[in-house]
Structure formats: C-alpha cells, structure tokens
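What follows is each chain in one-letter form.
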Amino acid sequence: MAEPQRARPKPTPETQHFWDGTKAGELRLQRCDACAHVYFPPRPFCPSCASRKVSIFKASGNGFLYSYVINHRPAAPGFTPPYAIAVVELAEGPRMMSNIIDCPQTPEALELDMKLEVAFEALDDKITLPVFRPAKG
Amino acid sequence: MRRNQVAVVGAAETTELGVIPNASQLQLHADAALNAIADAGLKLSDIDGFATAVETPQQVCHYLGIKPTWVDGTSVGGCSFMLHVRHAAAAIEAGLCKTVLITHAESGKSMIGKAPRSIPADSLQGQFEAPFGVYGPPSMFPIPVLRFMKTYGITHEQLASVAVVQREWAAKNPRAMMKDPITVADVLNSRMIAYPFRLLQCCLVTDGGGALILTSADRAKDFPRKPVYIMGTGESVETPMVSQMETFNSSRAFKTAGPLAFREAGIAHRDVDHLMIYDAFAHLPLFGLGDLGFMPHEETGRFIADGNTRPGGKLPLNTNGGGLSYMHSGMYGMYALQESVRQMRGIAPAQVPNAKISVCHGVGGMFAASGTIVFTNER
Ligand SMILES: [Zn+2]
C-alpha cells in the first residue's frame, strides 16, 4: 500500500496564477487597481471595493509568524507529528496558512513575530507549495 | 424584531446522550423531535414550520411525517440552531407559520448514517489550508490562541482553568459525560493534542441530539411548560478559513451577533443571570466574554481563573459542563440552547437561583459563524 499522501491542492480558473507562480518560484498576490487593496486568497475582483480591475504581482516573500499550533494528533496524511501549522502575515498585508521549515517544531524555536521568508516545496510536477523559513539576518 | 413575541414551548434532548450505537443520525433527530413534541404536549401534525442543519429539512420532515409550510436549512456549523431560533421567531412574527420544530442530531462518535466531513481539493480551504496539515477541528480551532494570549497576556494556567471550572458544573449534571473533578495541573499534564491545547482543553466527541419548539408568546401561555421568551437575537458569518479571520484577537462574527442580540433585548451586561458560550475548545469562553462586551479581553482569563464563572460565582457560565465536559456531538449549539431553556424554566440540574435572563452564544465552524439568543422567563 502506498504511503498516505499530503492533501494536494487542485487549482481553479481563479487560482491558477497563484499555483503557476509557486511553480516558478514566485509568491503571487493581487492588488486592486482602483483602491490599492492587496488581498488573498485569489479572486478576479477586489473584496474591498468590488472593482474587477485587479493586477497580479510578485510579493516580496517576507513576513512574520502571526500564530500557530504544533499538531500532535491526529496527524494529517503525509505529516509526521509534531508539526507546526502556521499563519504568516505577509509584508504586503494578507495572511496565509503555511508550514515553517528549517526550524525545530517547538514552542521555544517558534517565536511569535519572528521574521520569515518564503521557500518553495514541490509536491509533484504540477503543484509547488509556498512554505516559510526563519529569515536570515 | 420585537422582544418577547415568540417563546420556546417545547425542549428536549435525545433520550440518551454519549455513545449511542443503536441509532442512526436520522433516528436521533426523530428521537429528539418526539421528546420535544411530548414535552410541549403537541402532535406532529401541529408542526407547520421546520428547521435543521447538516441533514436537509426534506430528509427529516419526510422521516417524521411533517408537512411544513415554512422551512429553514441554514447550516453554518454548530451555531446553526441559534440562527434557526432567530429565523423561526421572525417567521412566526411575520405569520409564515405558527409552530416551529428545530432539530439537531449527530452520530458524532458512532458515525452511523453520518456523511464524513470532507474538504474538496479545489475549494479555497482545500487549496490554501488542507495542504499544510490541518486535520479536523483540533488542528484548526486553536490556531488563533497563541496570538490571543500574547496580545492580552493570557496564561496557559488561565486557559486550563476553563476546563477545571466547567468540570465543576458537569459534576452537578447527571447526564454529563465527564464528572470527575480535575485540577489545572491535570489539564496541563493531559495528552498534547495541538500545542498549546491538551486533551482536557478540547471538546468531547459524542452522539446525541436535541429539539426545540417555538410558537407565538400569546399562544405559549396555554402550553404545559413555563414559556421561555426570545428577548433578543443576533447572527453573522465571517470566513470558513480560520487563517483568513480579520484578526486573531477577537471574532468578527461574535462581535456582530452578540451586541445585536443585547441591543434587541434592551439589556445591559449586568442584567445577565446565566450565560452559555459555546466551548468547542478552552479559548472560546475568553473570546466570547470579550467579544460580547462583558469585559476587556485582557481580563477574561483572570476572570475565569478567579472563579467568577464557577458554581456560586457572579456570572454562571456553561452550567451544563459545556462541550468540554457535558457532551459535544460536533454541533454543540443545540445543547447550549437546551441548557438556557432549562435554566429559564427553573429545572436545570445545576440551577442558578432566580435566573431571569440567559444569554446563549454559539460559534459555527472555526469562528466561521455566530449566533446569539437572549432568553427570559418574564414577559
Ligand atoms: Zn478595491
């Protein structure tokens, strides 16, 4: 029997650009051309002012650790506990769920507000996930 | 909506609570409904309005043999039943129906006739949360709590005391699942589930159900039970993705629904004799006390740890033992409503003496939705 696999995202027409971005090593966000609001998750209109004139741009990939849990049980398929499920606040404003790599998965190492930078983890030839590591320097 | 125009005239839980291996989820709906109908002294044919969540109204109405002229299938998680009460009160006032039955049941433990919850891979949750290892409520609901603790200076011991105090209430309730006393140390030494939360800070997983019957306040005086009036109501939703809440320092849905209900009821916080705050996990009463405006969030942890919500305290909270100790089938809101009704009828196992106003506040999903009902036994 194959190892249980990590849940794989399936892009939709509205999110395809995001997943194309991660595959290309870019974290892509959207900004409203009318009111400049930056938002996530992807959609082809601005959730702040309803304008359909929005642009996709490459985010800095910088952020900080907003909150997290360290999951012990039950573990999701494809994960070895304990592992942190984090919410990262991006420099551009939006928050996203992710994982923290290159860092012990402990309360001592995972300090709220620590600076993070994006990294990319390929699941297969279609999907690459954005994950975060402690920022250097 | 005008206050005290609609009343609860029937209320009951399933005959058994806990582990019920001999009934499907649909049958648990029927069991709760039949108990509530008996409690109200009605016949099934008297019911002309029906509401439920997860199961569809057509499923439960057909099974019970009800022919409604008004239905509500609002399904926003565990507080759906608070929303049903609000919608039913509006419908009765508007003359759309006369007698509404609201049912909840869940084979949450035995999983008989219950569809498993699944997250489609192409949903937003499936794309932007599921790949990062969330797996059921224990891995998701506590995600905001570390930020909340840091912002307001809440301690692990204070969060543990929520479970301790609710166990004190549960000890007074013969139907509570968990009745043995526990200490803060017991909580902090229990098995780690999702740091910072341990087993005793997470809700139970059980089978059960409950049902309510509502009618106009004018008709309510002719029923066998003391009417419990709907004094004020509120509801809202925020987001199905816990990661996308506006802030982890409060719940926008709580802050919308709660104050709406207080305003409609025309009450101040000091008027509240009894309080239920849906406690799927130990941080929810803290969010609730702050977001409903009882006190600044900074004070919520100390307030509970100091014993203000325990038996004999000045603000009796979650007097059935809550989702942490009474029962939690998955959508606990119905059991919070049942306890508020029992308190207003004066028949609760851990009765708050002379309680006249009860506030019942629910959450749906992981802070995704909220509903608040203010009950009173005086018109
Ligand atoms: Zn805009």
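Summary of the structure given here. This is a predicted model, so every value here is computed, not measured.

### Description of the overall build of chain A
- When helices and strands are tallied, chain A shows one helix and eight strands.
- Reading chain A from its N terminus to its C terminus gives the helix and strand order α-β-β-β-β-β-β-β-β.
- Dimensions of chain A, computed from the C-alpha atoms along their principal axes, are close to 45 × 40 × 25 Å.
- Counting all 137 residues of chain A, 45% fall into the buried class.

### Structural notes on the coordination of the zinc ion
Residues and elements named next belong to chain A.
- Distances from the zinc ion to its protein donors, Cys-32 (SG), Cys-35 (SG), Cys-46 (SG) and Cys-49 (SG), fall at 2.2 to 2.4 Å.
- Around the zinc ion, the four donor atoms sit at angles spanning 100 to 117 degrees, and that spread fits a shape best called tetrahedral.
- Taken in chain order, the donor set of the zinc ion reads C-x2-C-x10-C-x2-C. Residue Cys-32 is located in strand S1 (residues 28-32), and its partner Cys-49 is located in the loop between strand S2 (38-39) and strand S3 (54-58); the two are separated by 17 residues in the primary sequence.
- Cys-32 sits in the buried class, given a relative accessible area of 2%.

### Overview of the nonpolar core
- Membership of the largest hydrophobic core comes to 140 residues, with the highest contact counts inside it found for Leu-212, Leu-214 and Phe-375 of chain B.
- Those residues in contact with Phe-375 of chain B that lie beyond four places of it in its chain are Val-8, Val-228, Tyr-229, Ile-230, Leu-337, Ser-340, Val-341, Met-344, Lys-356, Ile-357, Ser-358 and Cys-360 of chain B.

Reading the values: rules and limits
- Residues numbered from 1 in each chain as written.
- Chains lettered and ligands numbered in written order.
- Predicted model: local features only at pLDDT ≥ 70, side-chain atom pairs only at ≥ 80, totals over all residues.
- Heavy atoms only, no water.
- Helix = DSSP H or I, 4+ residues; strand = E, 2+ residues; numbered from the N terminus.
- Buried < 20%, exposed > 50% of the residue type's maximum accessible area, 1.4 Å probe, protein only.
- Donors = N, O, S within 2.8 Å, 3.2 Å for Na, K, Ca; no water.
- Tetrahedral: all angles 85-135°; square planar, octahedral: opposite > 155°, others 65-115°.
- Core = buried A, V, L, I, M, F, W, Y, C linked by side-chain atoms within 4.5 Å.
- Contact = heavy atoms within 4.5 Å.

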